[in-house]
Amino acid sequence: MPQSSRIPTPIKQHWYRFRLGALPVISFLLCVAVVLTLWERQAYNGSFVGEVQSDQMDVIADVSGELTFPDPEYWQLFDTVKAGDLIAQLDSRPTLARLQTVQLQSAKLSADLQAAASDLRLKELDIEQQHSQELLRLKLDYESKRLEYVQMLAQDENDKANFQALQADARALERVSLNSASANLLELQRTAKVLEDRIVGTEANKLRNELKNQLQLAKQRLDAVSETVQMPEIASMLAPIEAGIAVQESLIEETRIELDQLRITAPIDGVITAIYRRPGQRVVAGDQIVAISGSHSNYVLSYVRDTNHTQLHPGMEVHLRLRQAGSPDFVTDIEEVGPRLEPVPTNQLRDQSMSEWATPIKIRIPQPLRDEQIRPGQLLNVIIRQGPSHRAR
(Lines give C-alpha, C1' and ligand atoms only; values in the text may rest on other atoms or scores of the structure.)
Protein backbone atom coordinates (compact mmCIF):
# COMPACT_ATOMS: atom_id res chain seq x y z
CA MET A 1 0.00 0.00 0.00
CA PRO A 2 1.29 3.49 -0.63
CA GLN A 3 3.39 5.17 2.15
CA SER A 4 1.65 8.25 3.58
CA SER A 5 3.70 11.49 4.05
CA ARG A 6 3.92 13.23 7.47
CA ILE A 7 1.94 16.39 7.79
CA PRO A 8 4.42 19.31 8.64
CA THR A 9 3.88 21.31 11.85
CA PRO A 10 2.71 24.83 11.09
CA ILE A 11 5.10 27.71 11.83
CA LYS A 12 2.55 29.24 14.12
CA GLN A 13 2.60 26.09 16.21
CA HIS A 14 6.46 26.24 16.47
CA TRP A 15 6.31 29.91 17.52
CA TYR A 16 3.62 29.10 20.06
CA ARG A 17 5.78 26.37 21.62
CA PHE A 18 8.85 28.67 21.60
CA ARG A 19 6.96 31.44 23.40
CA LEU A 20 5.70 29.03 26.03
CA GLY A 21 8.95 27.15 26.54
CA ALA A 22 12.27 28.74 25.56
CA LEU A 23 11.42 32.44 25.33
CA PRO A 24 10.72 32.94 29.07
CA VAL A 25 14.01 31.26 29.98
CA ILE A 26 15.99 33.33 27.47
CA SER A 27 14.27 36.55 28.63
CA PHE A 28 15.04 35.72 32.26
CA LEU A 29 18.70 35.10 31.52
CA LEU A 30 18.98 38.34 29.55
CA CYS A 31 17.40 40.28 32.40
CA VAL A 32 19.80 38.69 34.88
CA ALA A 33 22.75 39.67 32.67
CA VAL A 34 21.51 43.25 32.35
CA VAL A 35 20.93 43.52 36.10
CA LEU A 36 24.39 42.17 36.86
CA THR A 37 25.95 44.60 34.38
CA LEU A 38 24.15 47.55 35.92
CA TRP A 39 25.04 46.34 39.39
CA GLU A 40 28.68 46.11 38.39
CA ARG A 41 28.61 49.64 36.98
CA GLN A 42 26.55 51.38 39.62
CA ALA A 43 25.80 49.53 42.84
CA TYR A 44 28.50 47.10 43.88
CA ASN A 45 30.27 47.10 47.21
CA GLY A 46 32.78 49.94 47.60
CA SER A 47 30.73 52.60 45.81
CA PHE A 48 30.49 56.00 47.52
CA VAL A 49 29.94 59.65 46.75
CA GLY A 50 32.84 62.11 46.62
CA GLU A 51 33.00 65.88 46.29
CA VAL A 52 35.55 67.86 44.30
CA GLN A 53 37.39 70.11 46.75
CA SER A 54 39.19 73.43 46.32
CA ASP A 55 40.64 76.07 48.63
CA GLN A 56 37.95 77.92 50.59
CA MET A 57 38.97 81.16 52.29
CA ASP A 58 36.97 83.64 54.37
CA VAL A 59 38.53 87.10 54.09
CA ILE A 60 38.21 88.77 57.50
CA ALA A 61 38.95 92.15 58.99
CA ASP A 62 42.10 92.16 61.14
CA VAL A 63 41.13 95.37 62.93
CA SER A 64 37.92 97.27 63.68
CA GLY A 65 36.77 100.16 61.54
CA GLU A 66 34.43 101.37 58.83
CA LEU A 67 34.59 99.97 55.31
CA THR A 68 35.32 102.96 53.11
CA PHE A 69 36.15 101.48 49.73
CA PRO A 70 35.27 104.33 47.35
CA ASP A 71 33.33 102.23 44.81
CA PRO A 72 30.45 100.24 46.42
CA GLU A 73 30.05 98.12 43.27
CA TYR A 74 33.73 97.26 42.93
CA TRP A 75 33.32 93.58 43.76
CA GLN A 76 30.25 91.53 42.88
CA LEU A 77 29.23 87.94 43.50
CA PHE A 78 31.16 85.44 41.32
CA ASP A 79 33.79 88.03 40.34
CA THR A 80 37.25 86.56 39.73
CA VAL A 81 40.03 87.86 41.96
CA LYS A 82 43.80 87.40 42.09
CA ALA A 83 45.88 86.94 45.21
CA GLY A 84 46.77 90.39 46.51
CA ASP A 85 43.80 92.20 44.94
CA LEU A 86 42.33 94.87 47.20
CA ILE A 87 39.01 93.55 48.52
CA ALA A 88 38.13 96.36 50.92
CA GLN A 89 39.66 99.35 52.68
CA LEU A 90 39.02 100.33 56.28
CA ASP A 91 38.81 103.97 57.31
CA SER A 92 42.37 105.16 57.95
CA ARG A 93 41.49 108.48 59.59
CA PRO A 94 41.84 107.27 63.22
CA THR A 95 45.24 105.74 62.45
CA LEU A 96 46.39 108.85 60.60
CA ALA A 97 45.25 110.97 63.56
CA ARG A 98 47.44 108.89 65.88
CA LEU A 99 50.29 109.21 63.42
CA GLN A 100 49.83 112.98 63.44
CA THR A 101 49.99 112.89 67.23
CA VAL A 102 53.27 110.95 66.99
CA GLN A 103 54.67 113.65 64.70
CA LEU A 104 53.61 116.39 67.12
CA GLN A 105 55.14 114.54 70.06
CA SER A 106 58.33 114.05 68.04
CA ALA A 107 58.43 117.80 67.44
CA LYS A 108 58.05 118.37 71.19
CA LEU A 109 60.89 115.94 71.88
CA SER A 110 62.99 117.82 69.37
CA ALA A 111 62.36 121.04 71.28
CA ASP A 112 63.17 119.30 74.57
CA LEU A 113 66.38 117.99 73.07
CA GLN A 114 67.40 121.47 71.95
CA ALA A 115 66.66 122.79 75.43
CA ALA A 116 68.77 120.02 76.96
CA ALA A 117 71.58 120.84 74.56
CA SER A 118 71.46 124.50 75.59
CA ASP A 119 71.44 123.54 79.24
CA LEU A 120 74.35 121.21 78.79
CA ARG A 121 76.34 123.83 76.94
CA LEU A 122 75.99 126.06 79.99
CA LYS A 123 77.40 123.27 82.09
CA GLU A 124 80.35 122.75 79.78
CA LEU A 125 82.26 125.32 81.80
CA ASP A 126 82.15 122.89 84.70
CA ILE A 127 83.42 120.01 82.61
CA GLU A 128 87.16 119.92 82.83
CA GLN A 129 88.05 116.92 80.78
CA GLN A 130 88.19 117.12 77.02
CA HIS A 131 86.84 113.59 76.70
CA SER A 132 83.77 114.55 78.71
CA GLN A 133 83.05 117.42 76.34
CA GLU A 134 83.42 115.07 73.38
CA LEU A 135 81.03 112.55 74.95
CA LEU A 136 78.51 115.33 75.49
CA ARG A 137 78.75 116.42 71.87
CA LEU A 138 78.49 112.88 70.51
CA LYS A 139 75.54 112.07 72.75
CA LEU A 140 73.61 115.09 71.55
CA ASP A 141 74.52 114.35 67.94
CA TYR A 142 73.31 110.74 68.20
CA GLU A 143 69.98 111.63 69.82
CA SER A 144 69.45 114.36 67.25
CA LYS A 145 70.05 111.90 64.40
CA ARG A 146 67.84 109.33 66.07
CA LEU A 147 64.98 111.78 66.44
CA GLU A 148 65.40 112.92 62.84
CA TYR A 149 65.20 109.29 61.72
CA VAL A 150 62.01 108.72 63.75
CA GLN A 151 60.43 111.80 62.19
CA MET A 152 61.36 110.52 58.75
CA LEU A 153 59.69 107.16 59.50
CA ALA A 154 56.52 108.88 60.65
CA GLN A 155 56.45 111.02 57.50
CA ASP A 156 56.96 107.93 55.33
CA GLU A 157 54.01 106.11 56.89
CA ASN A 158 51.84 109.20 56.48
CA ASP A 159 52.84 109.48 52.81
CA LYS A 160 52.09 105.79 52.21
CA ALA A 161 48.61 106.09 53.73
CA ASN A 162 47.84 109.21 51.69
CA PHE A 163 49.18 107.54 48.52
CA GLN A 164 46.90 104.52 49.00
CA ALA A 165 43.90 106.79 49.56
CA LEU A 166 44.70 108.81 46.42
CA GLN A 167 45.03 105.60 44.38
CA ALA A 168 41.62 104.40 45.56
CA ASP A 169 40.05 107.80 44.79
CA ALA A 170 41.60 107.81 41.32
CA ARG A 171 40.30 104.29 40.54
CA ALA A 172 36.81 105.26 41.65
CA LEU A 173 36.92 108.46 39.56
CA GLU A 174 38.12 106.52 36.50
CA ARG A 175 35.13 104.18 36.78
CA VAL A 176 32.51 106.94 36.99
CA SER A 177 34.11 109.63 34.81
CA LEU A 178 33.41 109.68 31.09
CA ASN A 179 36.45 111.85 30.49
CA SER A 180 39.62 110.00 31.48
CA ALA A 181 41.56 113.30 31.26
CA SER A 182 39.30 115.27 33.62
CA ALA A 183 40.91 117.97 35.73
CA ASN A 184 40.10 116.23 39.03
CA LEU A 185 41.57 112.94 37.85
CA LEU A 186 44.72 114.59 36.53
CA GLU A 187 45.17 116.46 39.81
CA LEU A 188 44.81 113.22 41.80
CA GLN A 189 47.33 111.50 39.54
CA ARG A 190 49.83 114.38 39.88
CA THR A 191 49.51 114.38 43.66
CA ALA A 192 49.87 110.60 43.78
CA LYS A 193 52.99 110.84 41.60
CA VAL A 194 54.56 113.36 43.98
CA LEU A 195 53.86 111.08 46.95
CA GLU A 196 55.15 108.04 45.06
CA ASP A 197 58.43 109.86 44.37
CA ARG A 198 58.71 110.73 48.06
CA ILE A 199 58.10 107.08 49.00
CA VAL A 200 60.08 105.08 46.44
CA GLY A 201 61.91 107.75 44.44
CA THR A 202 65.66 107.56 43.95
CA GLU A 203 66.34 110.78 45.84
CA ALA A 204 64.07 109.73 48.71
CA ASN A 205 65.81 106.36 49.06
CA LYS A 206 69.19 108.05 48.87
CA LEU A 207 68.18 110.44 51.67
CA ARG A 208 66.90 107.59 53.83
CA ASN A 209 70.08 105.58 53.37
CA GLU A 210 72.24 108.59 54.09
CA LEU A 211 70.33 109.41 57.27
CA LYS A 212 70.48 105.79 58.38
CA ASN A 213 74.22 105.68 57.78
CA GLN A 214 74.68 108.90 59.71
CA LEU A 215 72.71 107.42 62.62
CA GLN A 216 74.82 104.26 62.63
CA LEU A 217 78.03 106.27 62.43
CA ALA A 218 76.95 108.54 65.29
CA LYS A 219 76.15 105.46 67.40
CA GLN A 220 79.55 103.92 66.67
CA ARG A 221 81.36 107.14 67.66
CA LEU A 222 79.30 107.44 70.84
CA ASP A 223 79.97 103.83 71.84
CA ALA A 224 83.70 104.27 71.22
CA VAL A 225 83.91 107.28 73.54
CA SER A 226 81.47 105.87 76.12
CA GLU A 227 83.81 102.95 76.77
CA THR A 228 86.43 105.29 78.17
CA VAL A 229 84.34 108.13 79.68
CA GLN A 230 81.38 107.89 82.01
CA MET A 231 79.19 110.94 82.73
CA PRO A 232 76.16 109.97 84.87
CA GLU A 233 74.77 113.52 84.82
CA ILE A 234 74.39 113.45 81.03
CA ALA A 235 72.63 110.06 81.12
CA SER A 236 70.16 111.17 83.79
CA MET A 237 69.41 114.44 81.98
CA LEU A 238 68.74 112.78 78.62
CA ALA A 239 66.96 109.69 79.99
CA PRO A 240 63.41 111.17 79.67
CA ILE A 241 64.08 112.23 76.08
CA GLU A 242 65.54 108.84 75.18
CA ALA A 243 62.49 107.12 76.66
CA GLY A 244 60.20 109.46 74.72
CA ILE A 245 61.99 108.69 71.45
CA ALA A 246 61.69 104.94 72.13
CA VAL A 247 57.95 105.36 72.68
CA GLN A 248 57.62 107.22 69.37
CA GLU A 249 59.52 104.46 67.56
CA SER A 250 57.15 101.87 69.01
CA LEU A 251 54.07 103.92 68.10
CA ILE A 252 55.30 104.34 64.51
CA GLU A 253 55.78 100.59 64.17
CA GLU A 254 52.32 100.03 65.64
CA THR A 255 50.66 102.44 63.20
CA ARG A 256 52.64 100.94 60.29
CA ILE A 257 51.25 97.49 61.09
CA GLU A 258 47.75 98.89 61.53
CA LEU A 259 47.90 100.74 58.21
CA ASP A 260 48.82 97.45 56.52
CA GLN A 261 45.86 95.75 58.24
CA LEU A 262 43.46 98.43 56.98
CA ARG A 263 43.98 97.10 53.44
CA ILE A 264 42.03 93.84 53.13
CA THR A 265 43.37 91.81 50.20
CA ALA A 266 42.54 88.49 48.57
CA PRO A 267 44.72 85.67 49.98
CA ILE A 268 44.28 83.34 46.97
CA ASP A 269 43.23 83.30 43.33
CA GLY A 270 39.59 82.38 43.00
CA VAL A 271 35.98 83.48 42.75
CA ILE A 272 33.96 85.50 45.27
CA THR A 273 31.20 83.15 46.45
CA ALA A 274 29.71 85.29 49.23
CA ILE A 275 29.74 88.97 50.26
CA TYR A 276 29.04 89.60 53.95
CA ARG A 277 29.87 93.32 54.32
CA ARG A 278 29.52 96.37 52.11
CA PRO A 279 31.28 99.78 52.14
CA GLY A 280 29.78 102.04 54.78
CA GLN A 281 29.29 99.23 57.31
CA ARG A 282 31.31 99.12 60.49
CA VAL A 283 33.18 95.92 61.24
CA VAL A 284 35.11 94.59 64.22
CA ALA A 285 38.22 92.46 64.12
CA GLY A 286 37.33 88.95 62.96
CA ASP A 287 34.23 89.90 60.94
CA GLN A 288 33.91 88.19 57.56
CA ILE A 289 34.07 90.49 54.53
CA VAL A 290 33.82 88.05 51.60
CA ALA A 291 34.29 84.33 50.94
CA ILE A 292 36.59 83.20 48.13
CA SER A 293 36.54 79.77 46.52
CA GLY A 294 39.66 78.65 44.71
CA SER A 295 39.11 78.05 41.01
CA HIS A 296 41.49 75.06 40.96
CA SER A 297 40.20 71.60 41.91
CA ASN A 298 42.67 70.10 44.39
CA TYR A 299 41.31 66.63 45.22
CA VAL A 300 38.15 64.58 45.74
CA LEU A 301 36.96 64.11 49.32
CA SER A 302 34.85 61.06 50.13
CA TYR A 303 33.70 59.33 53.33
CA VAL A 304 33.91 55.57 53.90
CA ARG A 305 31.37 54.15 56.39
CA ASP A 306 32.22 51.57 59.03
CA THR A 307 29.96 49.06 57.28
CA ASN A 308 32.61 48.80 54.58
CA HIS A 309 35.38 46.55 55.88
CA THR A 310 37.96 47.50 53.26
CA GLN A 311 41.37 48.27 54.76
CA LEU A 312 42.04 51.79 53.55
CA HIS A 313 45.59 52.95 52.87
CA PRO A 314 47.33 55.49 50.63
CA GLY A 315 47.97 54.15 47.15
CA MET A 316 44.83 52.00 47.03
CA GLU A 317 43.28 52.00 43.56
CA VAL A 318 40.12 54.08 43.18
CA HIS A 319 37.81 54.62 40.22
CA LEU A 320 36.07 57.97 39.80
CA ARG A 321 33.00 58.32 37.63
CA LEU A 322 30.91 61.32 36.65
CA ARG A 323 27.29 61.09 37.76
CA GLN A 324 25.88 60.91 34.28
CA ALA A 325 24.85 58.08 31.99
CA GLY A 326 27.64 56.47 30.02
CA SER A 327 30.48 58.05 31.97
CA PRO A 328 33.73 56.04 31.87
CA ASP A 329 35.84 55.20 34.90
CA PHE A 330 38.86 57.38 35.69
CA VAL A 331 41.51 55.34 37.48
CA THR A 332 43.40 57.03 40.32
CA ASP A 333 44.40 56.27 43.92
CA ILE A 334 43.92 57.36 47.51
CA GLU A 335 46.26 60.17 48.46
CA GLU A 336 45.60 60.27 52.22
CA VAL A 337 43.35 58.57 54.77
CA GLY A 338 41.89 60.62 57.61
CA PRO A 339 43.14 59.75 61.12
CA ARG A 340 39.68 59.82 62.74
CA LEU A 341 35.96 59.53 62.06
CA GLU A 342 34.25 62.75 61.03
CA PRO A 343 30.63 63.77 60.37
CA VAL A 344 29.61 63.20 56.76
CA PRO A 345 28.58 66.42 54.94
CA THR A 346 24.87 66.75 54.22
CA ASN A 347 25.27 66.50 50.45
CA GLN A 348 27.01 63.11 50.83
CA LEU A 349 24.48 61.54 53.20
CA ARG A 350 22.46 58.60 51.94
CA ASP A 351 19.56 59.75 54.12
CA GLN A 352 19.73 63.46 54.92
CA SER A 353 17.44 63.01 57.91
CA MET A 354 20.09 60.92 59.68
CA SER A 355 23.62 62.00 60.54
CA GLU A 356 26.55 59.67 59.86
CA TRP A 357 30.18 59.43 60.87
CA ALA A 358 32.80 58.00 58.54
CA THR A 359 36.50 57.97 57.64
CA PRO A 360 37.45 60.77 55.22
CA ILE A 361 39.77 59.99 52.31
CA LYS A 362 41.55 62.32 49.89
CA ILE A 363 41.57 61.05 46.32
CA ARG A 364 43.94 62.31 43.67
CA ILE A 365 42.27 63.81 40.58
CA PRO A 366 43.74 62.25 37.41
CA GLN A 367 44.47 64.54 34.47
CA PRO A 368 41.89 62.92 32.15
CA LEU A 369 39.20 63.77 34.69
CA ARG A 370 40.48 67.35 34.95
CA ASP A 371 40.09 67.56 31.18
CA GLU A 372 36.36 66.98 31.72
CA GLN A 373 36.16 70.50 33.20
CA ILE A 374 35.04 69.35 36.64
CA ARG A 375 34.28 72.13 39.10
CA PRO A 376 34.73 72.51 42.87
CA GLY A 377 31.67 71.21 44.70
CA GLN A 378 30.77 68.69 41.98
CA LEU A 379 29.74 65.21 43.19
CA LEU A 380 31.33 62.06 41.71
CA ASN A 381 30.84 58.34 42.17
CA VAL A 382 33.80 56.76 43.97
CA ILE A 383 34.57 53.04 43.61
CA ILE A 384 37.33 51.62 45.81
CA ARG A 385 39.41 48.74 44.46
CA GLN A 386 41.44 46.32 46.56
CA GLY A 387 45.21 46.38 46.15
CA PRO A 388 47.73 49.16 45.45
CA SER A 389 47.69 51.28 42.34
CA HIS A 390 50.80 51.07 40.16
CA ARG A 391 49.88 53.91 37.85
CA ALA A 392 52.37 56.66 37.19
CA ARG A 393 51.36 59.68 39.20
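Computed from a predicted model, the values in this text were never measured in an experiment.

Draft legend 1. Structural view of the sheet that holds strand 9 (residues 288-293). Read across the sheet, four strands follow the order 2-9-7-4 without closing on themselves; strand pairing throughout is antiparallel. Edge positions in the sheet fall to strand 2 (56-60) and strand 4 (80-81), since each has one partner strand and no second. One ladder, built from five bridges, connects strand 2 with strand 9; its direction is antiparallel. Paired with Gln56 across the bridge in strand 9 is Ser293.

Draft legend 2. Representation of the side chain of Gln53 within the structure. With respect to the helices and strands, Gln53 occurs in strand 1 (residues 47-53). For Gln53, a relative accessible area of 18% puts it in the buried group. Setting aside anything within four residues of it in sequence, one finds Gln53 in contact with His296, Ser297, Asn298, Tyr299 and Leu301.

Draft legend 3. Looking closely at the nonpolar core. Ile87, Ile264, Ile289 and Ile292 are the most contacted members of the largest nonpolar core, which has 21 residues in total. Of the residues forming this core, the biggest block, three residues, is contributed by strand 9. Within the second largest apolar cluster, 18 residues are counted, among which are Val300, Met316, Leu369 and Leu380.

Draft legend 4. Focus on the pattern of salt bridges. Under the defined criterion, the tally for this structure stands at seven salt bridges. Here Lys145 ties to Asp141 by a salt bridge, and the two come within 3.1 Å at their closest N and O atoms. Of this pair, Lys145 and Asp141 are both found in helix 4 (residues 130-176), four residues apart, which corresponds to roughly one turn of the helix. Among the salt bridges present, the one from Arg364 reaches Asp333, with a minimum N-O distance of 3.2 Å. Highlighted residues: Arg364 in the loop between strand 14 (357-363) and helix 8 (367-370) and Asp333 in strand 12 (residues 329-337), separated in sequence by 31 residues. Residue Arg364 is classed as partly exposed on the basis of its relative accessible area, which comes to 22%. With relative accessibility at 1%, the residue Asp333 sits in the buried group.

Draft legend 5. The environment of Arg323, seen in detail. Mapped onto the elements of the fold, Arg323 is located in the loop between strand 11 (316-322) and strand 12. Taking the C-alpha atoms as reference points, Arg323 and Leu379, separated by 56 residues in sequence, lie 7.2 Å from one another. Those residues in contact with Arg323 that sit more than four places away from it in its chain are Val49, Leu379, Leu380 and Asn381.

Definitions and cut-offs
- Residues numbered from 1 in each chain as written.
- Predicted model: local features only at pLDDT ≥ 70, side-chain atom pairs only at ≥ 80, totals over all residues.
- Heavy atoms only, no water.
- Pairing = 2+ DSSP bridges.
- Helix = DSSP H or I, 4+ residues; strand = E, 2+ residues; numbered from the N terminus.
- Buried < 20%, exposed > 50% of the residue type's maximum accessible area, 1.4 Å probe, protein only.
- Contact = heavy atoms within 4.5 Å.
- Core = buried A, V, L, I, M, F, W, Y, C linked by side-chain atoms within 4.5 Å.
- Salt bridge = Lys/Arg side-chain N within 4 Å of Asp/Glu carboxyl O.

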